[in-house]
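If you want the building blocks of each chain, they are given just below.
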Amino acid sequence: MKILVHVSRILVAITFIFSGFVKLVDPIGSAYKFQEYFSPDVLNLEFLMPYALPFAVLLILIELMLGVMLLIGCLPKTTMWGLLGMILIFLFLTWYSAYYNKVTDCGCFGDAITLSTWGTFYKNVVLVVLIIFLLKNVKQITPIFSLNGLKWIVFFTFSGSLFIVYYVLIHLPIIDFRPYAVGENIREGMEYKGEEMPLIHDFFLENNDGEELTNEVLNEDKVMLVVMYDLNKSNLRGFEKVKKITDKALEKGYKVFALSASLNETYLDLKQQYNFNFDMLFCDETTLKTIIRANPGILTLQKGTITGKWSWIDSDEIILE
């Protein structure tokens, strides 16, 4: 029995730690997922939409800390009840997603691992069984360090997690699991490989006249794209930095475009206000949110390969060849 408890403890702990970490490095992605759950056609909890990011951060921290506490044996009874409560919430959400086919990817493992809706639900069923088993045998979950050791591990884990959250919210995810990571080729990501769906299936660019320019942009040798998925939500301080770096890019021979899902008329007002020397191309909002977790964000391409990604706040660090 002790061996079974030990194995179950490790499996549950590692699962929660991994799940929490891959979302910790990209909390904005989790916030987008909660916004999807809160939308009218899913749970119809629109009043929670403005709180999606703090809710996501809080849940990520709890998930990660509970996994660490289980692994080291800190407050086992409290930890197990916390894990049971959290997994029951996840179980309901994944069942709802699978049964009603509402959210096709729950984001349980961020963008690192994508499971089917029913696959995710059954994974959570297994976790529920393991957690209940551990709860019934909670007395066998013993600390692996002294009390002071446990306190320091919890303290440093929590402090480190807060620092990571702060850093990635200011800059960009420290690990990019998406098909738009630096070094990935967008055109290759759009290709079918046998019966598998392409990793990128919604990258489509068109100008104000409705002319598709996707291939033209991906064929260019030097391209800078300024991603502003919603101009009304863009950080206004970022536009001044965007102006400086895009002017430098144009001097270096780059083709520069703004990418947005906003109306072109809105961009024209912005273009005049900040004296931008480049035009806007329309792209799907969800796609733009996937490409880069900044608004505005900047990326450079060479023949469709992403050579760099920056938040507007880091635009001074961009070195153009």
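A few points on the structure.

The rules behind these values
Residues numbered from 1 in each chain as written. Predicted model: local features only at pLDDT ≥ 70, side-chain atom pairs only at ≥ 80, totals over all residues. Heavy atoms only, no water. Helix = DSSP H or I, 4+ residues; strand = E, 2+ residues; numbered from the N terminus. Buried < 20%, exposed > 50% of the residue type's maximum accessible area, 1.4 Å probe, protein only. Contact = heavy atoms within 4.5 Å. Areas by Shrake-Rupley, 256 points an atom, 1.4 Å probe, with all protein chains shown as cover. Lys, Arg positive; Asp, Glu negative; His and termini not counted. Charge placed at Lys NZ, Arg CZ, Asp CG, Glu CD. Patch = residues over 30% accessible without salt bridge, like charges linked within 9 Å, V, L, I, M, F, W, Y side chains within 5 Å. Salt bridge = Lys/Arg side-chain N within 4 Å of Asp/Glu carboxyl O. Core = buried A, V, L, I, M, F, W, Y, C linked by side-chain atoms within 4.5 Å. Axes fitted to C-alpha atoms, helices over the stretch in contact; angles between N-to-C directions. Parallel < 35°, antiparallel > 145°, perpendicular 65-115°, else oblique. Left-handed = near helix turned anticlockwise from the far one by under 90°. Nonpolar A, V, L, I, M, F, W, Y, C, P; charged D, E, K, R; others polar. Expected span 1.5 Å × (residues − 1). Phe/Tyr/Trp six-rings, centres within 6.5 Å; stacked < 30°, edge-to-face > 60°. Lys NZ or Arg CZ within 6 Å of the ring centre and 35° of its normal.

1. Looking at the overall build of the chain
Here's step 1: The secondary structure content of the chain amounts to eleven helices and five strands.
Here's step 2: In the chain, which comprises 321 residues, the share counted as buried stands at 49%.
Here's step 3: A fraction of 71% describes how many contacts in the chain between residues 6 or more apart in sequence connect residues 24 or more apart.
Here's step 4: Counting only carbon and sulfur atoms, one obtains 60% of the accessible surface of the chain, whose full area is about 16800 Å².
Here's step 5: Of the charged side chains in the chain, 27 are positive and 34 negative; the average position of the first set lies 13 Å away from that of the second.

2. Notes on the side chain of Ser8
Here's step 1: Looking at where Ser8 falls in the secondary structure, it is placed in helix α1 (residues 2–24).
Here's step 2: Exposure remark for Ser8: the relative accessible area of 4% places this residue in the buried category.

3. Details of a nonpolar patch on the surface
Here's step 1: Taken together, the side chains of Phe21, Phe163, Tyr166, Tyr167, Ile170, Ile174, Ile175 and Phe177 define a hydrophobic patch exposed on the protein surface, amounting to about 740 Å² of accessible area.
Here's step 2: When residues of the nonpolar patch are assigned to their parent elements, the largest contribution, four residues, is made by helix α6 (residues 147–170).
Here's step 3: Position of Ile175 relative to the elements: it lies in the loop between α6 and α7 (186–189).

4. Describing the nonpolar core
Here's step 1: Counting residues in hydrophobic clusters, the biggest one holds 29 residues, and the most contacted among them are Val12 and Met80.
Here's step 2: Broken down by secondary-structure element, the contributors of at least two residues to this core are α1, α2 (27–38), α3 (52–72), α4 (76–100) and α5 (117–136).
Here's step 3: Ranked by the residues each element gives to this core, the list is headed by α5, at eight residues.
Here's step 4: Residues Leu205, Phe257, Leu259 and Leu301 belong to the second largest nonpolar core, which totals 26 residues.

5. Brief notes about the packing of α3 against α6
Here's step 1: Relative to each other, α3 and α6 sit at 150 degrees, their axes nearing to 10 Å. Considering the angle they form, α3 stands roughly antiparallel to α6. The way α3 lies across α6 gives a crossing that is right-handed. Residues Leu53, Val57, Leu61, Leu64, Met65, Val68, Met69 and Ile72 of α3 form the contact with α6, whose own contacting residues are Leu150, Ile153, Val154, Thr157, Phe158, Ser161, Leu162, Val165 and Leu169.
Here's step 2: Residue composition of the contact of α3 with α6, by class: 15 nonpolar, two polar and no charged.

6. Quick word on α5
Here's step 1: For α5, spanning 20 residues, the distance from its first C-alpha to its last is 29 Å, which sits close to the expected 28 Å at 1.5 Å a residue.
Here's step 2: Listed in full, the buried residues belonging to α5 are Thr117, Thr120, Phe121, Asn124, Leu127, Val128, Leu130, Ile131, Phe133, Leu134 and Leu135.
Here's step 3: Tucked into the core, α5 has its buried residues touching α1, α3 and α4.

7. Let's talk about unusual backbone geometry
Here's step 1: At the junction of Asn295 and Pro296, the peptide bond is cis and its omega measures out at 10 degrees in the coordinates.
Here's step 2: In the Ramachandran plot, Asn275 falls in the positive-phi region, its phi being about 55 degrees despite a non-glycine side chain.
Here's step 3: With respect to the element layout, Asn275 can be found in the loop between α10 (264–274) and β3 (279–282).
Here's step 4: We note that Lys303 has phi near 55 degrees; this positive angle belongs to a residue other than glycine.
Here's step 5: Relative to the assigned elements, Lys303 resides in the loop between β4 (297–302) and β5 (305–311).

8. Comments concerning the packing of α4 against α5
Here's step 1: Interaxial distance between α4 and α5 falls to 9 Å at its minimum, and their mutual angle equals 160 degrees. The orientation of α4 with respect to α5, classified from their angle, is roughly antiparallel. Between α4 and α5 the crossing geometry is left-handed.

9. A look at the packing of aromatic side chains
Here's step 1: As enumerated under the stated definition, the model contains 23 aromatic pairs in all.
Here's step 2: On the numbers, 5.6 Å between centres and 85 degrees between planes, the contact of Trp118 with Phe121 is edge-to-face. Of the two residues, Trp118 and Phe121 both sit in helix α5, three residues apart, roughly one turn of that helix.
Here's step 3: Of the residues examined, Trp118 reaches a relative accessible area of 33% and is grouped as partly exposed.
Here's step 4: Looking at Phe121, the relative accessible area reads 14%, which means it is buried.
Here's step 5: Both rings, one in Trp118 and one in Tyr122, keep their centres 5.9 Å apart while their planes meet at 25 degrees; by these two values the pair is stacked. Of this pair, Trp118 and Tyr122 both sit in helix α5, four residues apart, which is roughly one turn of that helix.
Here's step 6: Members of the aromatic cluster, joined through ring pairs, are Phe92, Trp95, Tyr96, Tyr99 and Tyr100.
Here's step 7: In this arrangement the basic side chain of Lys289 is found over the ring face of Tyr32, its NZ or CZ atom lying 4.7 Å from the centre.

10. A word on the pattern of salt bridges
Where charged atoms from two side chains of opposite charge approach closely, those side chains can pair.
Here's step 1: Counting across every chain of the model gives nine salt bridges.
Here's step 2: Here Lys23 makes a salt bridge to Glu63, at a shortest N to O gap of 3.0 Å. Highlighted residues: Lys23 in helix α1 and Glu63 in helix α3, separated in sequence by 40 residues.
Here's step 3: The class for Glu63 is buried, based on a relative accessible area of 3%.

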